[in-house]
Amino acid sequence: MLFTNRLYEKAKYIWDQYYKHPFVKGIGDGTLDIDKFRFYMEQDYLYLIDYSRLFALGSLKAPDLETMTVFANLLHSTLNDEMELHRQYAERLGIPREKLENTKPAPTTLAYTGYMLNISQRGSLADLIAAVLPCTWSYYEIGLRLNQILGASEHEFYGEWVKMYASEEFGQLAEWLKNLMNKLAEGKTEQELKELEDIFLTTSKFEYMFWEMSYQKQMWPTDKE
Ligand SMILES: Cc1ncc(CN)c(N)n1
């Protein structure tokens, strides 16, 4: 069995909860409150800055030029394609560029990016991939599902989001990471595979928390807006 199939089976109960989450469903049927989406966009922009750093780190840790190139492509595509989607949404939402870049991180954003960066700095390349894989792969799965909803990709506001994450180009990024994960899992002991699985499950749970944080617009409970 491919290691990524094992990961998918283990995380399925978590990923199934994404598809039922009101934030995800709201993008699909176009009913999501714009204010919740604004909150998400701002936090996600911050998230993507650190997510890009992980790809830069992946390039640094890569054992050969081919792997380095994969990470360089992931980095380029995140900074230029995925973050461009966010910049365009910010423009449509009237969020100035400086405000977007100076957003204060919510606790869940900080915890999630902090965890990924920590694992990736301390650990191996396989650890790094196990940490980022749910992000890319689950967004592609969500994109594909939402794309099957009649009219979702044509929705005047959320359509661009659906199109981006359901696109072949985005699917290609997930495929690259899955292939690398399987390659690096070869020859690992059961104990080592279990550790990778734990990392994958942890970031899968953080993904759910990110949807929930955005839906509830959760900032620090101690601070007033
Ligand atoms: C929180 C989160 N996770 C994943 C992705 C997809 N790169 C994203 N944009 N945001």
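Since the structure is predicted, the reported quantities are computational estimates derived from the model, not experimental observations.

## Comments concerning the site of the ligand
Part 1: The full set of residues close to the ligand is Asp 44, Tyr 47, Leu 48, Tyr 51, Glu 82, Cys 135, Tyr 139, Tyr 165, Glu 207 and Phe 210.
Part 2: The separation between a nitrogen atom of the ligand and a polar side-chain atom of Asp 44 is 2.6 Å.
Part 3: The separation between a nitrogen atom of the ligand and a polar side-chain atom of Tyr 139 is 3.1 Å.
Part 4: For the ligand, whose unbound accessible area comes to 290 Å², protein coverage reaches 100%.
Part 5: Most atoms of the ligand, that is more than half of them, are within 2 Å of grid points of the largest cavity.
Part 6: Looking at the shell around the ligand, the elements with two or more residues in it are helix H3 (34-61), helix H7 (125-147) and helix H10 (190-216).
Part 7: Among the elements that make up the shell around the ligand, the one with the highest residue count is H3 (four residues).
Part 8: Residues that form the shell around the ligand fall into these classes: seven nonpolar, no polar and three charged.

## Regarding the environment of Ala 174
Part 1: Within the fold, Ala 174 resides in helix H9 (residues 168-185).
Part 2: Residue classification places Ala 174 among the buried residues on the basis of a relative accessible area of 2%.
Part 3: In this structure the C-alpha to C-alpha distance between Ala 174 and Thr 108, which are 66 residues apart in sequence, comes to 23 Å.
Part 4: Residues within four places of Ala 174 in sequence aside, it is in contact with Leu 133, Thr 136 and Trp 137.

## Some remarks on the UniProt feature "domain: Thiaminase-2/PQQC" (unreviewed entry) in the protein chain
Part 1: This chain's UniProt record puts "domain: Thiaminase-2/PQQC" (unreviewed entry) on residues 10-216.
Part 2: Taken end to end, residues 10-216 is 84% helix and 0% strand, and its first and last C-alpha atoms sit 27 Å apart.

## What to know about the packing of aromatic side chains
Part 1: Evaluated as defined, the whole model comprises 30 aromatic pairs.
Part 2: Ring plane angle 80° and centroid distance 6.2 Å describe the contact between Tyr 40 and Phe 210, whose orientation is recorded as edge-to-face. Of this pair, Tyr 40 sits in helix H3 while Phe 210 sits in helix H10, and the two are 170 residues apart along the sequence. Each member of the pair, Tyr 40 together with Phe 210, is buried.
Part 3: With centroids separated by 5.1 Å and ring planes inclined at 65°, the aromatic side chains of Tyr 89 and Phe 157 adopt a geometry described as edge-to-face.

## Points about the pattern of salt bridges
Part 1: Counting across every chain of the model gives 13 salt bridges.
Part 2: The salt bridge partner of Lys 10 is Glu 197, with a shortest N-O separation of 4.0 Å. On the criterion of sequence distance, the pair formed by Lys 10 in helix H1 (residues 3-20) and Glu 197 in helix H10 is long-range, its members being 187 residues apart.
Part 3: The partly exposed category is assigned to Lys 10, whose relative accessible area is 43%.
Part 4: A salt bridge links Asp 50 to Arg 53; the shortest N-O distance between them is 2.8 Å. Of this pair, Asp 50 and Arg 53 both sit in helix H3, three residues apart, which is roughly one turn of the helix.
Part 5: The exposure class of Arg 53 is partly exposed, given its relative accessible area of 47%.
Part 6: Look at the salt bridges and you will find they share partners, linking Arg 6, Lys 10, Glu 190 and Glu 197 into a network.

## Things to note about a nonpolar patch on the surface
Part 1: A cluster of nonpolar side chains, contributed by Leu 110, Met 219 and Trp 220, occupies part of the molecular surface with about 260 Å² of accessible area.
Part 2: One can find Trp 220 in the segment after H10.

Cut-offs and rules
- Residues numbered from 1 in each chain as written.
- Predicted model: local features only at pLDDT ≥ 70, side-chain atom pairs only at ≥ 80, totals over all residues.
- Heavy atoms only, no water.
- Near = heavy atom within 4 Å.
- Polar contact = N/O pair within 3.5 Å; in protein donor to acceptor, adjacent residues only side chain to side chain.
- Areas by Shrake-Rupley, 256 points an atom, 1.4 Å probe, with all protein chains shown as cover.
- 1 Å grid on protein atoms, 1.4 Å probe; cavity = no way out; pocket = protein on both sides within 12 Å on 5 of 7 lines; lining within 4 Å.
- Sits in = over half its atoms within 2 Å of the grid points.
- Helix = DSSP H or I, 4+ residues; strand = E, 2+ residues; numbered from the N terminus.
- Nonpolar A, V, L, I, M, F, W, Y, C, P; charged D, E, K, R; others polar.
- Buried < 20%, exposed > 50% of the residue type's maximum accessible area, 1.4 Å probe, protein only.
- Contact = heavy atoms within 4.5 Å.
- UniProt positions renumbered as here; feature names shortened; annotations may be inferred.
- Phe/Tyr/Trp six-rings, centres within 6.5 Å; stacked < 30°, edge-to-face > 60°.
- Salt bridge = Lys/Arg side-chain N within 4 Å of Asp/Glu carboxyl O.
- Patch = residues over 30% accessible without salt bridge, like charges linked within 9 Å, V, L, I, M, F, W, Y side chains within 5 Å.

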